[in-house]
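Now for the letters of each chain:
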Amino acid sequence: MKKFLFLSSLFVPFLLPAQDKQQFLIRAGKLFDSESGQFKKGVSILVKYNIIQEVREDREPSVEEKKNYTLIDLRAYTVLPGLIDAHTHLLYREEIHPGNNLPGLDLDKVLTMDGDAYRAIYGAARAKAYLEAGITAVQDLGNSGQFADVALRRAINEGLVPGPRMRCAGPGLSTEGGQVPGLIFKHREIVNDEYRIVKGPEDAVQAVRENINQGADVIKIYSNNTPNNTRLSTEEIRAIVKEAHLYGLRVTAHATDNKAVYNAVISGVDGIEHGYQVDDSTLELMAKKGVILVPTDGDSISLRQYLKLSSMSEKEIADQLAWDRKFLGDRLQRAVKKGVMIAAGSDDYVDFKLPFAEPSIRTLIGYVESGIPIPRVLQFATLNGSSQLNWSNKIGKIKRGYLADIIAVDDDLEKNIQSILSVRFVMKDGKIFLNKL
Ligand SMILES: [Zn+2]
């Protein structure tokens, strides 16, 4: 019962009897079926403990059902599987400093002045916000100090703090310098607090074992380490992939330019993060090999905030926004046309001065702004996300036998992607964490 202390007192009267009963009958107005990409009408969902027991045609509940199940009436809403963000940094915040041309400056500050303990608490606050925004699972890809992400995952799983299911990478595997450019030589060791710097294929294998031993669920690598300037070799990436796959872990690569994407793909990685400058021929290779792309593209509101906080003029902001959308949209459209599977991922770490988790949700709006139809975008954030998290048999679908991660938003989601910002109900693992019906 301790868990309820973390929930707003506003919701407690509803929650207590419901959570004790542990069986729910959810009547959905519209249900987004992530497998078919269709919105279905008149569906109800039966949940027992943390598992979806049945998805059936809606009908008036029987007397027996009324006795055994807690009824949740979502007929005025659109119901969908809990959202999945495949690229988060819950324990990392970078502020925008106008005029600063030292890109590693904030990471230096985080490493020397914040520390892992503060970062874990900060991460816990954001984890709660993510869950209440409808994100029931994340893949947290590094920038969490020395396995502080694993500690947060444990606290969430133990019910100490509310948050999404977490897949954790631990420190990302990078070459010299990590993503902290500009460290003078005698201080360069500080990067080891944030990244696992690998020195050759043999050391790369050891790095994978260290991360697995500390509880990593996924191996994050930096094929190139922008904004820094070194790259993993294909021999090192191959060694990493071979070792990770022995343990059933997927490998996903930060890769911003075509060479970084290509090197990672031919070396056997399972996912590509960012992939900003990527050629059509590399996209074709990704489609052929089943490599998932996580396009960490913002929407116009978060990009605008970024540019505004960078002290740009309105004219400069308008020009930059138009350029960004065209560039990101073109890349995303090309990837979709080539048949690359896309998973939604925000890379939400910049402090846009927006509420926690909002930049993550806005990533989905950004995909729609890039010309992707709403049902397809919702598949990126459910069905495809579950594949990227290596949990496709557990989450991402509202289907018999799947974990009960179910959310509800305003009814017009099918036509209006902005409704994804109006989350009314969140259930994770068969427990209700938000109820604003
Ligand atoms: Zn990232």
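Residues numbered from 1 in each chain as written. Predicted model: local features only at pLDDT ≥ 70, side-chain atom pairs only at ≥ 80, totals over all residues.

### Some words on unusual backbone geometry
Thinking step 1. In the segment running from Thr226 into Pro227, the intervening peptide bond is cis, with an omega of 10 degrees.
Thinking step 2. Residue position: Pro227 is located in the loop between β10 (218–222) and α6 (234–246).
Thinking step 3. A positive phi is found at Ser311, a non-glycine position, where the angle reads about 65 degrees.
Thinking step 4. Given 11 C-beta atoms within a 10 Å radius, Ser311 is considered exposed.
Thinking step 5. In this structure, Asn390 is a non-glycine residue whose phi angle is positive, near 60 degrees.
Thinking step 6. Within the secondary structure, Asn390 sits in the loop between α13 (383–388) and β14 (406–410). (Helix = DSSP H or I, 4+ residues; strand = E, 2+ residues; numbered from the N terminus. Buried ≥ 20, exposed ≤ 12 C-beta atoms within 10 Å, placed from the backbone.)

### Thoughts on the nonpolar core
Thinking step 1. In this structure, Leu152, Ile219, Ile240 and Ile272 are the most contacted members of the largest nonpolar core, which totals 120 residues.
Thinking step 2. In terms of residue count, helix α3 (residues 105–132) provides more of this core than any other element does, seven residues in total.
Thinking step 3. The contacts of Ile272, once residues within four sequence positions are left out, are Ala253, Ala255, Val261, Ala264, Val265, Met286, Val291, Leu293 and Val294.
Thinking step 4. With five residues, the next largest nonpolar core counts Leu303, Leu307, Val350 and Phe352 among its residues. (Core = buried A, V, L, I, M, F, W, Y, C linked by C-beta atoms within 7 Å. Contact = placed C-beta atoms within 7 Å.)

### What to know about the sheet that holds strand β6 (residues 135–140)
Thinking step 1. Read across the sheet, three strands follow the order β5-β6-β7 without closing on themselves; strand pairing throughout is parallel. Among the strands making up the open sheet, the edge pair consists of β5 (83–88) and β7 (165–168). Neighbour to neighbour, the strand axes of the sheet diverge by 15 degrees on average, direction disregarded.
Thinking step 2. Summarising the sheet, β6 and β7 pair through four bridges and their orientation is parallel. Along β7, the bridge assignment pairs Ala137 with Arg165.
Thinking step 3. In this fold helix α4 (residues 148–157) packs onto β6 and β7, with an angle of close to 155 degrees to the strand it touches most, β7. (Pairing = 2+ DSSP bridges. Axes fitted to C-alpha atoms, helices over the stretch in contact; angles between N-to-C directions.)

### Some points on the domain arrangement of the protein
Thinking step 1. Domain annotation for the protein reports domain 1 (2–82 + 397–435) and domain 2 (83–388).
Thinking step 2. Computed over C-alpha atoms only, the centres of domain 1 and domain 2 are separated by 30 Å.
Thinking step 3. Taken together, the contacts link 23 residues of domain 1 with 22 residues of domain 2.
Thinking step 4. Sorting the residues of the side of domain 1 that touches domain 2 by element identifies β4 (70–81), β14, β15 (423–428) and β16 (431–435) as the ones contributing at least two each.
Thinking step 5. If you tally residues by element for the side of domain 1 that touches domain 2, the top one is β15, at three residues.
Thinking step 6. Partitioning the side of domain 1 that touches domain 2 into residue classes produces 13 nonpolar, four polar and six charged. (Domains from an automatic or database assignment. Nonpolar A, V, L, I, M, F, W, Y, C, P; charged D, E, K, R; others polar.)

### Overview of the pairing of β5
Thinking step 1. β5 sits mainly inside the fold: six of its six residues count as buried.
Thinking step 2. Judged from the four bridges that link them, β5 and β6 form a sheet pairing that is parallel. Within the sheet, the bridge partner assigned to Ile84 lies in β6 and is Ala137.
Thinking step 3. With respect to chirality, the unit in which β5 leads through α3 into the neighbouring parallel β6 is right-handed. (Right-handed = clockwise from strand over helix to strand, strands pointing away.)

### What to know about the sheet that holds strand β3 (residues 51–57)
Thinking step 1. Here we have seven strands laid out as an open sheet, ordered β3-β2-β1-β4-β14-β15-β16, and mixed in their pairing. Since the sheet does not close on itself, it has two edges, and those belong to β3 and β16, each with one partner. Across the sheet, the mean angle separating the axes of adjacent strands is 30 degrees when strand polarity is ignored.
Thinking step 2. Here four bridges tie β15 to β16, and the two strands are oriented antiparallel to one another. The residue of β16 that forms the bridge with Phe425 is Asn435.

### A few points about helix α5 (residues 201–213)
Thinking step 1. For α5, which comprises 13 residues, the first-to-last C-alpha distance of 19 Å matches the rise-based estimate of 18 Å (1.5 Å per residue) to within 8%.
Thinking step 2. Where α5 is concerned, the buried positions are Ala204, Ala207, Val208 and Asn211. Projected down its long axis, α5 shows its buried positions confined to an angular sector of 100 degrees, all on one face. Facing away from the buried side of α5 by over 90 degrees, the exposed positions are Glu202 and Asn213.
Thinking step 3. On its buried face, α5 is in contact with β8 (172–174), β9 (195–197), β10 and α6.
Thinking step 4. Phi turns positive, to about 105 degrees, at Gly215, one or two residues after α5. (Expected span 1.5 Å × (residues − 1). Arc of directions from axis to C-beta.)

### Points about the packing of α5 against α6
The relative placement of two packed helices comes down to the angle between their axes together with the axis-to-axis distance.
Thinking step 1. Across the interface, α5 lies against α6 with an axial gap of 8 Å and an inter-helix angle of 35 degrees. The handedness of the crossing between α5 and α6 is right-handed. Note on element contacts: α6 touches α5 through Glu235, Glu236, Ala239, Ile240, Glu243 and Ala244, opposite Pro201, Ala204, Val205, Val208 and Arg209.
Thinking step 2. Each residue belonging to the contact of α5 with α6 can be placed in one class, and the counts come to seven nonpolar, no polar and four charged. (Left-handed = near helix turned anticlockwise from the far one by under 90°.)

### With respect to the pairing of strand β1 (residues 23–33)
Thinking step 1. Among the 11 residues of β1, eight are classified as buried, and the element is accordingly described as predominantly covered.
Thinking step 2. Here β1 pairs with strand β2 (residues 38–48) via 10 bridges, running antiparallel. By the bridge assignment for β2, Phe24 is matched with Val47.
Thinking step 3. Joining the antiparallel neighbours β1 and β2 is a turn of four residues, in which Gly37 adopts a positive phi near 75 degrees.
Thinking step 4. Pairing geometry for β1 and β4, over seven bridges, is parallel. Its bridge partner being in β4, Ile26 is matched across the sheet by Ile72.

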